[in-house]
Amino acid sequence: MKRLQRLRATAPLRDMVSEIGFGQSQLIQPLFLAEGISKEEPLGGLPGSSRHTLSSLLAQFEKDLAAGVRQFLLFPVPAQKSNRNFAAEFVGTALQQMRQRAGSDAAIWVDTCICSFTETGHCCVHDTRGRQDLAATHAALGTLALTYVKAGADGVSPSDMNDGRVAYLRKKLDEAGHDLAPIMSYSTKFASNFYGPFRDAADSAPQFGDRKSYQLDVRNRSDALASSRRCAEEGADLLMVKPGQPSADLIRPINEQTGLPVGAYQVSGEYTSLVLLAKEKFVDFDAALIESWHNLRRAGASYIITYGARLARGLGF
Ligand code: PBG
């Protein structure tokens, strides 16, 4: 059965996909939780964001809730890298405490990828001959997704681009009784040069090669559309283009072809470029940030993942 109710479960989810109005309800704030660090580490490449300890994460989360943020995307960064055994208990603990603090006032999504967990820094597991092991990758993603949802995440956001992962996650969640947990799929995600500051934050730079064998080629529109269509067919509830502004041309076509809400990820390189322009006094940061959100909304974005979500209220947005 096709469940259309998943995005109606709570007020933050309903507001996020509301087709009327545009404000902080449609902005998603990323948060980085790093296991095994003893104090908060502000990110040079992403001013305003940090790699958090559990306690600094909770403090930031409370501040953000007080500033009106209603959507969060959590990025786990484990202490130990591995080839197969990915331990995410630290994420479960954080989610339980976040849920306790937020109740149903906020939606908490968890980025579900393994590039911060693998020794290789790739978004997939490799077999002993160095080839992508799709079955093992799916299994790892499934285990992580269940850990997150059981601990209180509203939904999962697969950001790897491995074939078949949305169908696999949907099945795993359904079998475990989480048939109402939504999947926000990074569905049209390009192999982009604009993820640099993020990879430092998540400690997820590939140790060899690049991500071009699984992420999309920026030259190919048809593949980019097909990728989102397939996520929709596999059961994704929300789709996304990434990087945001450079993919703005695809947002409306994807929505028209699938009928699903399509968001945009204003990625680290896009955000930091505004910070740097402002530092050199070439732009007014606040005005440029708001313009960038309006641009994405005009292009058809239902929601925007942005490192500046927590600034919105202060900007009168
Ligand atoms: C993990 C992931 C990445 C981003 C979000 N999830 C990096 C990548 O795919 O290399 C990028 C986010 C950003 O740049 O802000 N797969």
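Scroll up to find the structure this text is about.
Residues numbered from 1 in each chain as written. Predicted model: local features only at pLDDT ≥ 70, side-chain atom pairs only at ≥ 80, totals over all residues. Heavy atoms only, no water.

## Side note on the site of the ligand
Then comes step 1: Near the ligand, the surroundings consist of 18 residues, among which Lys189, Arg199, Lys242, Ser268 and Tyr307 are the closest.
Then comes step 2: With respect to the ligand, the side chain of Lys189 contributes an N or O atom lying 2.7 Å from an oxygen atom.
Then comes step 3: Take Gln215: an N or O atom from its side chain is 3.0 Å from an oxygen atom of the ligand.
Then comes step 4: For the ligand, the accessible surface in isolation is 400 Å², of which the surrounding protein chains cover 100%.
Then comes step 5: Considering only residue class, the shell around the ligand consists of 10 nonpolar, three polar and five charged. (Near = heavy atom within 4 Å. Polar contact = N/O pair within 3.5 Å; in protein donor to acceptor, adjacent residues only side chain to side chain. Areas by Shrake-Rupley, 256 points an atom, 1.4 Å probe, with all protein chains shown as cover. Nonpolar A, V, L, I, M, F, W, Y, C, P; charged D, E, K, R; others polar.)

## Some remarks on the state of the cysteines
Then comes step 1: Within this structure, the stated rule accounts for zero disulfides.
Then comes step 2: Not engaged in a disulfide, the cysteine Cys115 finds its nearest cysteine sulfur in Cys113; these two sulfurs lie 3.8 Å apart.
Then comes step 3: For Cys124, which is in no disulfide, the shortest distance to another cysteine sulfur is to Cys123 and amounts to 7.1 Å. (Disulfide = S-S within 2.5 Å.)

## Focus: the pairing of strand E8 (residues 239–242)
Then comes step 1: Covered by surrounding structure in E8 are Leu239 and Val241 together with Met240 and Lys242, the residues of both alternating faces.
Then comes step 2: Here strand E7 (residues 188–189) runs beside E8; their pairing, made up of two bridges, is parallel. Across the sheet, the residue bridging to Lys189 is Lys242, located in E8.
Then comes step 3: As judged from the three bridges shared by E8 and strand E9 (residues 262–265), these two strands associate in the parallel manner. Paired with Val241 across the two strands is Ala264, which belongs to E9.
Then comes step 4: Taken together, E8, helix H8 (residues 248–258) and E9 constitute a β-α-β crossover, and its handedness is right-handed. (Buried < 20%, exposed > 50% of the residue type's maximum accessible area, 1.4 Å probe, protein only. Helix = DSSP H or I, 4+ residues; strand = E, 2+ residues; numbered from the N terminus. Pairing = 2+ DSSP bridges. Right-handed = clockwise from strand over helix to strand, strands pointing away.)

## What to know about the packing of aromatic side chains
Then comes step 1: On inspection of all chains with the given rule, the structure shows 12 aromatic pairs.
Then comes step 2: Ring geometry for Tyr186 and Tyr265: centres 6.0 Å apart, planes at 40 degrees, overall tilted. One end of the pair, Tyr186, is in the loop between helix H5 (165–175) and E7; the other, Tyr265, is in strand E9, and 79 residues separate them in sequence.
Then comes step 3: Take Tyr265: its relative accessible area is 2%, and that puts it in the buried class.
Then comes step 4: Ring pairing ties together the aromatic residues Phe32, Phe75, Tyr186, Phe198, Tyr265, Tyr271, Phe285 and Tyr307, which thus form one cluster.
Then comes step 5: If you follow Lys242 out to its NZ or CZ, it ends over the ring of Tyr195, 4.4 Å from the centre. (Phe/Tyr/Trp six-rings, centres within 6.5 Å; stacked < 30°, edge-to-face > 60°. Lys NZ or Arg CZ within 6 Å of the ring centre and 35° of its normal.)

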